[in-house]
Amino acid sequence: MTDIVDRTGETEQIDSIVIRFAGDSGDGMQLTGDRFTSASAVFGNDLSTLPDYPAEIRAPAGTVNGVSSFQVHISDHDITTPGDAPTVLIAMNPAALKADLGRLSPGGTVILNIDTFDERNLEKAEYTSNPLEDGTLTGFKVIEVPMTSLTKDAAAPLGVKPRDADRSKNFFALGLVSFMYSRPIEATLDWIDERFAKNDLVRQSNRAAFMAGYHYGETTEEFGHRYIVKPAHLPPGEYTNITGNVALAWGLVAAAHLAKLPLTLGSYPITPASDILHELSKHKNFGVRTVQAEDEIAAAALAVGASFAGHLGITTTSGPGVALKSEATSLAVSLEVPFLLVDIQRGGPSTGLPTKTEAADLNIAMFGRHGEAPLPIVASYSPAHCFFAAIEAARIALKYRTPVILLSDGYLANGSEPWKLPDVDTLPDISVPFATEHNHVNADGSTEFWPYLRDPDTLARPWAIPGTPGMMHRVGGIEKQDGTGNINYSPANHEKMVHLRAAKVARIADDYAPTAVHGDADADVCVLGWGSTWAAIDAAVQRTRRRGQKVAWVHLMHLNPLPNDLGTILQGFRKVIVPELNLGQLCRIVRAEYLVDATAVTKVQGMPFTALEIEDAIERAQEELS
Amino acid sequence: MTDTSVRLTTKKDWASDQEVRWCPGCGDYGILQAVQFLMPELGVAPENTVFVSGIGCSSRFPYYMNTYGVHGIHGRAPAIATGVAVARPDLDVWVITGDGDALSIGGNHFIHALRRNVNLTILMFNNRIYGLTKGQYSPTSEVGKVTKSTPMGSIDPPFNPLAVALGAEASFVARTHDLDRKHMIETFRAAHDHRGASFVEIFQNCNVFNDGAFDEVTGREHRPANLIDLKHGEPIRFGPDRERGVVMGSDGQLRIVDVAEVGEDAILVHDAHRVDPSLAFALARLSTDDHSPTPFGVFRSVERPDYGTEVGAQLAGAAAKKGPGDLSSLLRSNGTWQVTEQM
């Protein structure tokens, strides 16, 4: 990964690097990683990030359980994953070293805040002997830096108390790493000024610590030369660095704008979906209404109510929240109103791993409702793609008057990547007309509005909203008569309505573009992916093909209905492997649907796949065939 | 899209073409009649009116109104209606619910709709029984009640719906009953005209599963003795000759007394507009059974900002401060950089 490309003076040029910042939950590692990422983005590197933090807000300080990490992969070429193994580990305390040393690639660099390696902290980290002395670090390049004391020294002239200065040590680490990897520092200093404008002493302390770290790198012999990762050859354009949750929130704002409808969000705070609620709450000037509801159920129910009233009604959640929204989602299936349920998947069941990623909600999205209640499912595959997936989910919901589940996950939610901004004028118009006129003529020539008289092409029912004269109608969860929408319990009518609702969802696949087959269409093995596995599959497919092996790859954005051409495509390969962060949920569906020999490649560790894991799976599949 | 000019309507304009399917003799018929009589007098149009309900006998109500309507899910009507009211503050939104729907499965939504003061008129049909599921005890059933699910008598102490509503910071709380159309109409009118969440408890007779539950209070022959008709600004008196009244003792406790004994001036004067809800709460708790003097009418009606208006004000404030949303600027709001061909 760190192949030396060029050597000029004291700066060594490398094509990519994976850095992991690790420290106590209270050490500000997420902030440090995020700033390093931003500086790298502005510098023009391609990048991918993986925040990794505990579920507890503050687990006991100094313990392995309380370690919070942030991994960033920066590169001079197009990358999609946060890197399999870090090449540099910044460990702010012994617990961080203990938690993350195992991830470091052989020969990697460890930068330690040596001030924290005292008996008490070693004990808290459950080290029985000192790792600095017992051979634990053999084979790694170890750099010991007294970050705490140097930070205190730097802040002392400002009149900052040592105890307060301690909180700035993450900026010392950031300064040091910024020097090592030749990051521009102005943007970070500006950011510190802005972020801490309200507390001048903290601002000055952080600035001093950052510069002290930077200068420490410059002046100590330990860092005799520095590294530079050149800007990536990204396609020309205007870029921003974006996380999946922000992209998704912006996608929802864009969807409402493109639909020419106001947006109403009902949400209840839950990790890792809460950031979407936070982000949308900032954009009231777009006409975005956000309600932090009393519970997950209410959040979904009020979104259904808002949709009935003519808004784009949305609810966002994770984990157990998805189960609680099942009832309102079923109501939306019956009412046939547009409704978006956004699920940022996390490790389950129950509370599970709230801060860790998993993609095990496909089953509940597909089947988690009472009765025959099919609905479309859209899955985003990268942080930036969350923007487009949100628009697509809203498009389907509006056109077909149906609830839609949009799946993202914790890795996409908090991970970031550079995003080439789209021209907003090229985004699709997804608006649909409201019904304003009677659609049925009675035998006596009088006219009526029938709320369940469907569009013959889409099978969508007309959407007449309150306030429209002459169109008053009642909808409800009780089975309705086809056409009139009146309560109807007759056996034949119920069977007809069940089939109509299913047929409406099935027709959505007619809208899809032909499914893209990446890589070698004539390969024996096809990788079928969905969601955030995209990054690791992409890297693995590239590596496999670089080795001269053939492999094909299909990545699904629409999980229900599946693309019309998917069966034929998959049946054209001898072997289909399906990498999933669950125990094979999509795999089971494609086996049932298409009778193809698909094999699940599973991982449920709360972490995304590494490219190597997928590459190995491809290789195993190829070996099985030969 | 909303027609704000209100044309004259008649009761017929508010009735849908659907056959009403409650049991013969059900108290719900009287309530439906009262609402349909009232609607033409409110100066609102059917197309700007939405009835939202949950599940239960009473929740079939929206099907019988020629307005927009949502027959929702059990207990969730206040949440669905909150969505309608937040999205469209221009609409007149009614919630129809029952004692099980509002206070048991939907208790959380009920209290939070009141707390937020969402502009809803909530009519709760209280029959102290589950009717639709054929006769189990409800959260307002009395202790000892024998039902299908309590063959040895209920051991659950009941809720006092008005006290729950007051505890949830409701800005309008009233009680009426299904046997007095005039009183229902006036109470519903007051509830409708109140901006914010209005809660009306309606004593409603379920003649199949809990017949006569309120007879000793609302029955014509018992009303003079047991029905206290609250009127804002008037002394709280009742009885065939208005000979009885309510006083507040030095311990803060409300007591029923003979007016002649304490003198007219000692009788408590009802004040529905008092910001402090303690009097309303005390009145709500004056009777703890269904055979002693029980107050009806408006217990509390105070002004408080309503949720939909507040939401709208924040939107307007944000637009005034930041200008209308611009998608292109939004995408650039976290900083951008240019990648050029040369790189």
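What you are looking at is a predicted structure, and each value in this text was computed from that prediction instead of being measured.

Right, let's talk about the interface of chain A and chain B for a bit. Quite often, the size of an interface is put as the accessible area lost when its parts meet. Contacts between chain A and chain B engage 71 residues on the former and 63 residues on the latter. Here chain A and chain B share an interface that buries about 5,700 Å² over both sides, 63% of which is from carbon and sulfur atoms. Of all residues in chain A, Asn285(A), Glu294(A) and Arg474(A) give up the largest surface area on contact with chain B, accounting jointly for 13% of the area buried on that side. At the boundary of chain A and chain B, one finds three salt bridges. Here Glu238(A) makes a salt bridge to Arg332(B), at a shortest N to O gap of 2.9 Å. Summed over the shared surface of chain A and chain B, the result is 30 residue pairs in polar contact (both at pLDDT 80 or more). Going through the elements one at a time, α1 (29–43), β10 (237–243), α9 (244–259), β12 (288–292), α11 (296–308), α13 (326–335), β17 (416–420) and β20 (474–476) of chain A are the ones with two or more residues in the side of chain A that touches chain B.

Glycine aside, residues mostly have negative phi angles, and peptide bonds mostly take the trans form. In this structure, the amide linkage connecting Gly348(A) to the following residue, Pro349(A), adopts the cis form with an omega of 5°. Its location among the elements puts Pro349(A) in the loop between β14 (339–345) and α14 (362–367). The omega torsion across Asn560(A) and Pro561(A) is -10°, close enough to zero to call that bond cis. Mapped onto the elements, Pro561(A) comes out in the loop between β24 (558–560) and α19 (566–571). Positive phi, close to 65°, is recorded for Leu459(A), a residue that is not glycine. The class of Leu459(A) is buried, set by a relative accessible area of 9%. The backbone phi angle of Glu169(B) is positive, close to 70°, even though this residue is not glycine.

A separate point is the packing of aromatic side chains. Inspection of every chain in the model, using the stated rule, returns 21 aromatic pairs over all chains. Residues Tyr381(A) and Trp534(A) carry aromatic rings whose centres are separated by 4.9 Å and whose planes lie at 40° to one another, so their mutual orientation is tilted. Of this pair, Tyr381(A) sits in the loop between β15 (377–379) and α15 (385–400) while Trp534(A) sits in helix α18 (residues 534–546), and the two are 153 residues apart along the sequence. The exposure class of Tyr381(A) is partly exposed, given its relative accessible area of 25%. A connected cluster of aromatic rings, assembled from ring pairs, spans Trp22(B), Tyr29(B), Phe51(B), Phe61(B), Tyr64(B), Trp94(B) and Phe125(B). Directly above the aromatic system of Tyr127(A) lies the positively charged group of Lys98(A), at a separation of 5.0 Å from the ring centroid. Above the plane of the ring of Phe37(B) lies Lys11(B), whose end atom (NZ or CZ) is 5.1 Å from the centre.

The rules we used
- Residues numbered from 1 in each chain as written.
- Chains lettered and ligands numbered in written order.
- Predicted model: local features only at pLDDT ≥ 70, side-chain atom pairs only at ≥ 80, totals over all residues.
- Heavy atoms only, no water.
- Contact = heavy atoms within 4.5 Å.
- Buried area = accessible area lost by both parts, 1.4 Å probe.
- Salt bridge = Lys/Arg side-chain N within 4 Å of Asp/Glu carboxyl O.
- Polar contact = N/O pair within 3.5 Å; in protein donor to acceptor, adjacent residues only side chain to side chain.
- Helix = DSSP H or I, 4+ residues; strand = E, 2+ residues; numbered from the N terminus.
- Buried < 20%, exposed > 50% of the residue type's maximum accessible area, 1.4 Å probe, protein only.
- Phe/Tyr/Trp six-rings, centres within 6.5 Å; stacked < 30°, edge-to-face > 60°.
- Lys NZ or Arg CZ within 6 Å of the ring centre and 35° of its normal.

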